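Structure assessment
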Amino acid sequence: QVQLAESGGGLVQSGGSLRLSCEASGRTLSSYPMGWFRQAPRKEREFVATISWGYGQTSYADSVKGRCTISRDNAKNTVYLQINSLKPEDTGVYFCAAQTVPGGQYDVWGQGTQVTVST
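Residues numbered from 1 in each chain as written. Predicted model: local features only at pLDDT ≥ 70, side-chain atom pairs only at ≥ 80, totals over all residues. Heavy atoms only, no water.

Points about the overall build of the protein
- The number of helices and strands found in the protein is zero helices and 11 strands.
- Start at the N end of the protein and walk to the C end: the helices and strands fall as β-β-β-β-β-β-β-β-β-β-β.
- The globule rule puts the C-alpha radius of gyration for 119 residues at 14 Å, and the 13 Å found for the protein is close to it.
- Seen through its principal axes, the protein has C-alpha atoms that stretch 40 × 25 × 25 Å.
- In the protein, which comprises 119 residues, the proportion classed as buried is 45%.
- Expressed as a percentage of contacts within the protein between residues at least 6 apart in sequence, the contacts between residues at least 24 apart total 54%.
- For the protein, the accessible area works out to roughly 6,500 Å², and carbon and sulfur atoms hold 46% of it.
- Charge-centre separation for the protein: the mean point of 11 positive side chains lies 2 Å from the mean point of 9 negative side chains. (Helix = DSSP H or I, 4+ residues; strand = E, 2+ residues; numbered from the N terminus. Rg over C-alpha atoms; globule rule 2.2 N^0.38 Å. Buried < 20%, exposed > 50% of the residue type's maximum accessible area, 1.4 Å probe, protein only. Contact = heavy atoms within 4.5 Å. Areas by Shrake-Rupley, 256 points an atom, 1.4 Å probe, with all protein chains shown as cover. Lys, Arg positive; Asp, Glu negative; His and termini not counted. Charge placed at Lys NZ, Arg CZ, Asp CG, Glu CD.)

Here it is in structure tokens:
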């Protein structure tokens, strides 16, 4: 059973950058599509970015496109999310997730890491 642990969140000023990490234990991540999601206060959790398991194809939400890069290091069993030009509306808890069942939903989630962007 794979377990995910996010890190790298914090308080940052508007316009700053953060790199979030998602480290897996229990099983290798290399075979799974991975995603990042976020949840702002009093809002539903929303998709941020995803990366495929094979060629590393990526996809981004329109709200972060051009400011965000998802990547994976299979040797370290870690997925990253680099966010630049942070805005206050990027504030929220960021979760990584794995899609362990082919064609299924994201079914394994980390506990999340808080990102707060100040004006």
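We are not done yet, so read on.
Observations regarding the sheet that holds strand β1 (residues 3-7)
- Reading across the sheet, the four strands line up as β1-β3-β8-β7 and stay open at both edges, with antiparallel pairing between neighbours. If you trace the sheet from one side to the other, it starts and ends with β1 and β7 (68-73), each paired once. Strand after strand, the sheet turns through a mean of 15° between neighbouring axes, direction not considered. (Pairing = 2+ DSSP bridges. Axes fitted to C-alpha atoms, helices over the stretch in contact; angles between N-to-C directions.)

Some remarks on the pairing of β1
- By the alternation rule, side chains of β1 split into Leu 4 and Glu 6, which are all buried, and Gln 3, Ala 5 and Ser 7, of which none is buried.
- For β1 and strand β3 (residues 18-25), the ladder comprises five bridges, and the chain directions are antiparallel. Bridging from a neighbouring strand, Glu 6 pairs with Cys 22 of β3.

Topic: the nonpolar core
- Counting residues in hydrophobic clusters, the biggest one holds 29 residues, and the most contacted among them are Leu 4, Met 34, Trp 36 and Leu 81.
- Breaking this core down by element, the ones donating at least two residues are β3, β4 (34-39), β5 (46-51), β7, β8 (78-83), β9 (92-98) and β11 (113-118).
- Examining the composition of this core, we find that four residues originate from one element, β3, more than from any other. (Core = buried A, V, L, I, M, F, W, Y, C linked by side-chain atoms within 4.5 Å.)

Section: the state of the cysteines
- If you walk through the whole model with that rule in mind, you get one disulfide.
- Residue pairing for Cys 22: its cysteine sulfur links by disulfide to Cys 96, the two sulfurs lying 2.0 Å apart. A torsion of 60° about the S-S bond marks the disulfide between Cys 22 and Cys 96 as right-handed. Here Cys 96 lies in strand β9 and Cys 22 lies in strand β3, a separation of 74 residues in the sequence.
- Judged by relative accessible area, which is 0%, Cys 22 ranks as buried.
- For the unlinked cysteine Cys 68, the closest cysteine sulfur is that of Cys 96, found at 13 Å.
- On the basis of relative accessible area, Cys 68 is assigned to the buried category, the value being 6%. (Disulfide = S-S within 2.5 Å.)

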